[in-house]
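Coordinates in review
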Amino acid sequence: GAGVSQSPSNKVTEKGKDVELRCDPISGHTALYWYRQRLGQGLEFLIYFQGNSAPDKSGLPSDRFSAERTGESVSTLTIQRTQQEDSAVYLCASTLLLDRDAQYYGYTFGSGTRLTVV
Amino acid sequence: DQQVKQNSPSLSVQEGRISILNCDYTNSMFDYFLWYKKYPAEGPTFLISISSIKDKNEDGRFTVFLNKSAKHLSLHIVPSQPGDSAVYFCAARPGGPLVFGKGTRLSVIA
C-alpha cells in the first residue's frame with residue numbers, strides 16, 4: 001500500500017487479557033519501529049527491526065511486551081496480561097535507512113492503534 | 001532523563017502571524033533534527049528536517065533554525081493558517097531510533 005497500515009484502529013480489552021497489534025509497513029522499507037504515546041506524553045520508543053538483524057528491544061517496558069517481524073513485511077506487537085498503564089496509542093513507523101541526499105525524511109507513521117485497558 | 005524537551009505544551013497564535021515552536025536537546029551527538037505534525041486520530045507526519053551541520057532550513061512557510069551552541073532549535077511558521085492547528089513534535093536522531101519531545105499543541109485562531 002501507499003502508507004503504513006495499522007490494525008485495529010481501536011482496541012478495548014480487559015485487564016489481564018493478551019492483545020496483538022498489527023503493522024503493515026510501506027513496501028521496500030527496510031526498517032520498522034514501534035512507539036507508543038501515553039496520554040500527555042511524547043512518543044516513547046519500544047522496538048526496532050532492520051532487515052534480518054536482531055531487533056533492538058531496548059525500549060520494551062517489560063517482558064509482557066514482545067514483537068515479531070517476518071522479513072521486511074508485517075510486524076505484530078503482542079502485550080500479554082495487559083495492565084491499565086498499557087493504555088496508549090501504539091504507533092508503527094517504517095523508513096528506508098539509506099539517505100542518499102542531504103534531506104532526512106525520518107519515518108512514515110501509521111495512524112496508530114488506540115489501546116484501552118479497562 | 002529527557003534528551004529532547006519541548007517546554008511549552010501549548011501555543012495560541014492569530015491567523016497570519018508568526019508561530020514559533022521551540023525545542024531544546026541535551027545530546028550533542030544528534031546528527032539530524034526533525035519536526036513532525038500530528039492531527040487527532042492520525043499518525044505524525046514529517047514536516048521539515050535539518051542536519052546538524054546547518055543552521056537553517058526553509059520549506060515554504062516553514063523554517064527550522066538550529067543553534068548548536070545553545071542546543072536549541074525552533075520552527076517558524078509564517079504566515080500561520082488555521083489548518084496549521086495541530087500538535088508539533090520535535091525529534092532528533094542519535095544514530096539509533098528517533099527521540100521525540102512531548103509535543104506542543106498549536107492553535108491558530110482565525
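Here, the structure is the one placed above.
The text that follows walks through the structure, step by step, so that each part is easy to find. Treat the numbers as computed from the prediction; the structure is a model and nothing was measured. All chains use their own residue numbering, which begins from 1 and follows the written sequence. By the order in which they are written, chains take letters starting at A while ligands take numbers starting at 1. Given that this is a predicted model, residues contribute local features only at a pLDDT of at least 70 and side-chain atom pairs are listed and counted only at 80 or more, while totals for whole chains, interfaces and linings are drawn from all residues. Side-chain descriptors were evaluated using all non-hydrogen atoms of the structure, hydrogens and water having been removed beforehand.

For the rest of this paragraph, the subject is the packing of aromatic side chains. In this scheme Phe, Tyr and Trp rings, the latter by its six-membered ring, pair at centre separations within 6.5 Å, and the angle between planes marks the pair as stacked below 30 degrees, edge-to-face above 60, and tilted otherwise. Under the definition given, this model contains 14 aromatic pairs over all chains. Note on B:Tyr36 and B:Phe46: the rings are 6.1 Å apart at their centroids and 80° apart in plane angle, and the pair reads as edge-to-face. Note that B:Tyr36 is positioned in strand S4 (residues 32–38) and B:Phe46 in strand S5 (residues 45–51), a separation of 10 residues in sequence. Residue classification places B:Tyr36 among the buried residues on the basis of a relative accessible area of 0%. Burial classes follow relative accessibility: with a 1.4 Å probe on protein chains only, a residue under 20% of its type's maximum area counts as buried, one over 50% as exposed, and anything between as partly exposed. When its relative accessible area of 25% is taken as the criterion, B:Phe46 is described as partly exposed. Ring geometry for B:Tyr36 against B:Phe100: centres 5.7 Å apart, planes inclined by 55°, an arrangement best described as tilted. Taken together, the residues B:Tyr36 in strand S4 and B:Phe100 in strand S10 (residues 99–100) connect sequence positions 64 residues apart. As far as the burial class goes, B:Tyr36 and B:Phe100 line up, both buried. An aromatic cluster is built from A:Tyr33, A:Tyr35, A:Phe45, A:Tyr48, A:Tyr107, A:Phe109, B:Tyr36, B:Phe46 and B:Phe100, whose rings are joined through pairwise contacts. The helix and strand labels rest on DSSP assignments: H or I over at least four residues marks a helix, E over at least two residues marks a strand, and numbering proceeds from the N terminus.

Residues and elements named next belong to chain A. Two cysteine sulfur atoms make up a disulfide if the distance between them is within 2.5 Å. Scanning all chains against the criterion turns up two disulfides over all chains. Between the sulfur atoms of cysteine 23 and its disulfide mate cysteine 92 the distance is 1.9 Å. When the S-S torsion is -65°, as for the bridge of cysteine 23 with cysteine 92, the disulfide is left-handed. Separated by 69 residues along the polypeptide, cysteine 23 in strand S3 (residues 19–24) and cysteine 92 in strand S8 (residues 88–95) bring together distant segments of the chain. Owing to a relative accessible area of 0%, cysteine 23 belongs among the buried residues under this scheme. Judged by relative accessible area, cysteine 92 falls into the buried class, the value being 0%.

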